[in-house]
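# Commentary on secondary and tertiary structure
The chain contents come next:
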Amino acid sequence: MLRIARRRHAALRGLRTPRAPLTTTGPAAPVAPDEFTRLLRRICPDRRLPARLGLAVSGGVDSMALAHLASALLAEPDPPPAIHAFIVDHRARPGSTAEANAVAAFLSTRYGFAVHVLPLDPPHPSLPPLHRCPRSAFETAARQYRWHALSRHCLLRRVSHLLLAHHVDDQAETVVMRMVNGTGYAGMAGMRAIAKPPESRGVRGAVGYLSILRPFLVRGGPDGGGAGAGAGRIGIGKERLIATCQANDIPWWEDPTNTDTSLTRRNAIRHLLGGGSSPPAAAAAAAAATTSTDSRCLPKALSRLSLVNFAWQIHSRVFLEDEHIATRLHSLGRAHLSICTFSGTARLSLPRWPPQDMAADLPALSRALQKLVDLLTPMQRPDARPLRNQAAPAVFFPQTLRSAPRAFTAAGLLWTPEELAAERVRWVLSRQPPCRSVPDPAVGGMEMALSSYPGDDREWRLFDGRFYFRRRWPRECPPHAEHTPLSIRFLKPAEVAAARMSFRELDPAAPQYSRSVLLRSRRRGAPTLAPLMPAQADRLLSNAIKKVPGYARFTVPVAVAAVDSPSAPAGQVVGFPTLGLWKRGVFAEAPPATATTTAAAPPPLDHAAADAFPPPPDHAAAYAFPPPHHAAAEAVPPPPDHAAADAVPPPPDFAAVGAVECVMRGWGEYMGEDIPSAGLGRGWDVEWVNPRAEYGPRRKRRTEWAKTFGEGEGDAE
């Protein structure tokens, strides 16, 4: 297969030798609605149309033909899907907004779609607007911003499947572009008819909930004519989409930047392959009549049929290789990945791979590691070369190295060998420590400010490419009330001891409790704050930090509040969001709606919080968490006498206003898996571990596939 790729690279060097025309003569047949429906059902789950479909419409001839064909789905005998059309307004040239509004008006008037015009804003405040991006990075930035907007709005409207109008000409351009970029042979497979949304790391749930469908790339259709022998079997080409729009009097809007060969590399490749911008609707018939053949002649290896068939061969080979690796991994003893949601570190346990299979299995094993890295790395696009050249040989074949493997960094992670036994290999994967001299490529940055006004930060925001944050505001909260301003950053070495001391401070209102509270998030209802004893808070925090290996503890996110103190110029640590441990007073408190404030009985406790951390009702429970033996524990006064503890009622749980919720990226996003593999596939077992679950009742920990999508909590059920 590598020889095939070399022949394609050699074909690029011989472009001046005319061998075969790119296109052939003959009219193109329009795409019939029943043909489109049949192709779409082939890539839908169980061949049934989903309840809600999304259309990515740019206004060009491809997407307008897709919108017309999708309108026929409204007349299906099955329950017709609700169709949402998403039009992205890039706002990178004059007239972009007017064209987007014209397309929206046409789709809404003629087809009755629910149309949404999406102004393209940066996905993070630290990123520049699209019109200010440098010309060399314009295409990459536009793709990233566009996918972020589409994924976000699909989730907001519960659209589970998004249709794209990519056709076989786009597939040929993608293959050539990846050849030019030097992509590995797995990248030569091009675009898939069924895929997950790329560039959507900042949208929680997009990877597991949203599916991308490209019905024009489905193989096996009838021959549509006008594109040579076998054209229909490889999918639908652009000429058939133009014929569809012409036959149904559908206008389209052409972006003039698509003809600028100096703007993007794809434009240059499109011009090279002879697939330039399609003419306007009024002149399309005349242009088709006068232009029967392309004046440029290309080698047969660069014809559309050859490129698309080559991509399909690579796709089939990659699929078979991945299935072979999954079968071998299952037979050798399954890989186990344990991810700590407090620090984002993971422990990887793998079976030792036979060294004689290194040459044949190394490419597929490298792709498996790349999927694993995507769960843990703070980077948007980690480089695959270190994984293929360094990580995969050290992890799967340590016996083939000249010396014992040592810790190394690759793809934004620190790989540390923990055990190299005869049958199993264990590694610890943690976030690479930030370097002051090198800009950190973390998605979302390494510091994030949270709004202190109700109504803001309701959606999940990505921090350090690994953790999502949001604030929970009740509906009855005054919109202009200002709360404690908070910011998220990494824990510093000098703050560990001070944080442990501050979280053990006693609460003057209830001396047997500390000023630390445990935040319990709920899918429905306001989060609650459960009081903790000093020993509970100290043991929870100290044990969680001790289990984080090495310098990875200084990549744990903490919440910081600004204080006017020279001893804390960087702010005071007031919470560990990934642990749910906060200092009381950071959030405004309100008694829960179910509480009754009568003189006869104190307000009832929240049962879930009471199970996880029960207040001491008797003498034995009062000493359930003895203070640890270190110097900081000596400053804590002894527990109160038993009579006073029995006389003072335990403080009730309070509903938190503006609580900060945190969840690790990847947790709970992959739904519908029979075995929790977090998208890694067959042969992998993934476990999400929360340190605070160890202090609750001894119940069975929930696996990832059983967790609900919208929860923000990961402790024991």
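Either a parallel or an antiparallel arrangement is found when strands of a sheet pair, and the pairing is made through backbone hydrogen bonds. Pairing within the open sheet is antiparallel, and its 9 strands lie in the order E14-E17-E22-E23-E24-E20-E21-E26-E25. Edge positions in the sheet fall to strand E14 (448-450) and strand E25 (588-590), since each of these pairs with one other strand and no more. Averaged over all pairs of adjacent strands, the angle between their axes in this sheet comes to 40 degrees, without regard to strand direction. The pairing of E25 with strand E26 (residues 654-657) spans 3 bridges and is antiparallel.

For the protein chain, per-residue confidence averages 77 on the pLDDT scale, and residues scoring 70 or more make up 75% of the total. In the predicted structure, residues 1-25 sits below a pLDDT of 50 and forms 50 contacts with residues beyond four places in sequence or in another chain.

Alternating residues of strand E21 (residues 528-531) divide into Thr 528 and Ala 530 and Leu 529 and Pro 531, and every residue in both groups is buried. In terms of strand pairing, strand E20 (residues 516-520) meets E21 through 4 bridges, oriented antiparallel. Among the inter-strand pairings, Leu 518 is bridged to a residue of E21, identified as Ala 530. Judged from the 2 bridges that link them, E21 and E26 form a sheet pairing that is antiparallel. Considered in E26, the bridge of Leu 529 is made with Phe 654.

Remark: helix H12 (residues 358-376) packs on helix H13 (residues 384-396), axes separated minimally by 9 Å, with the N-to-C direction vectors making an angle of 110 degrees. Regarding the angle of H12 to H13, the classification is roughly perpendicular. Touching Met 358, Leu 362, Leu 365, Ser 366, Leu 369, Gln 370 and Val 373 of H12 are Ala 384, Leu 387, Arg 388, Ala 391, Ala 392, Pro 393 and Phe 396, all from H13. Looking at the contact of H12 with H13, its residues break down into 11 nonpolar, 2 polar and 1 charged.

In this section: the packing of helix H3 (residues 61-71) against helix H8 (residues 238-247). Running from amino to carboxyl end, H3 crosses H8 at an angle of 60 degrees, the nearest separation of the two axes being 9 Å. In terms of their interaxial angle, H3 and H8 are classed as oblique. Handedness of the H3/H8 crossing: left-handed. Facing H3, whose interface residues are Val 61, Asp 62, Met 64, Ala 65, His 68 and Leu 69, H8 presents Lys 238, Leu 241, Ile 242, Thr 244 and Cys 245. Residue composition of the contact of H3 with H8, grouped by class: 7 nonpolar, 2 polar and 2 charged.

Moving on: the environment of Ala 186. As for its placement among the helices and strands, Ala 186 is situated in the loop between helix H6 (168-180) and strand E6 (194-195). A relative accessible area of 27% places Ala 186 in the partly exposed class. When the C-alpha positions of Ala 186 and Ala 311 are compared, they lie 9.3 Å apart, and in sequence the two are 125 residues distant. Apart from residues lying up to four places away in sequence, Ala 186 is in contact with Ile 314, Val 318 and Arg 367.

Analysis parameters
Residues numbered from 1 in each chain as written. Predicted model: local features only at pLDDT ≥ 70, side-chain atom pairs only at ≥ 80, totals over all residues. Heavy atoms only, no water. Pairing = 2+ DSSP bridges. Helix = DSSP H or I, 4+ residues; strand = E, 2+ residues; numbered from the N terminus. Axes fitted to C-alpha atoms, helices over the stretch in contact; angles between N-to-C directions. pLDDT = per-residue confidence, 0-100. Contact = heavy atoms within 4.5 Å. Buried < 20%, exposed > 50% of the residue type's maximum accessible area, 1.4 Å probe, protein only. Parallel < 35°, antiparallel > 145°, perpendicular 65-115°, else oblique. Nonpolar A, V, L, I, M, F, W, Y, C, P; charged D, E, K, R; others polar. Left-handed = near helix turned anticlockwise from the far one by under 90°.

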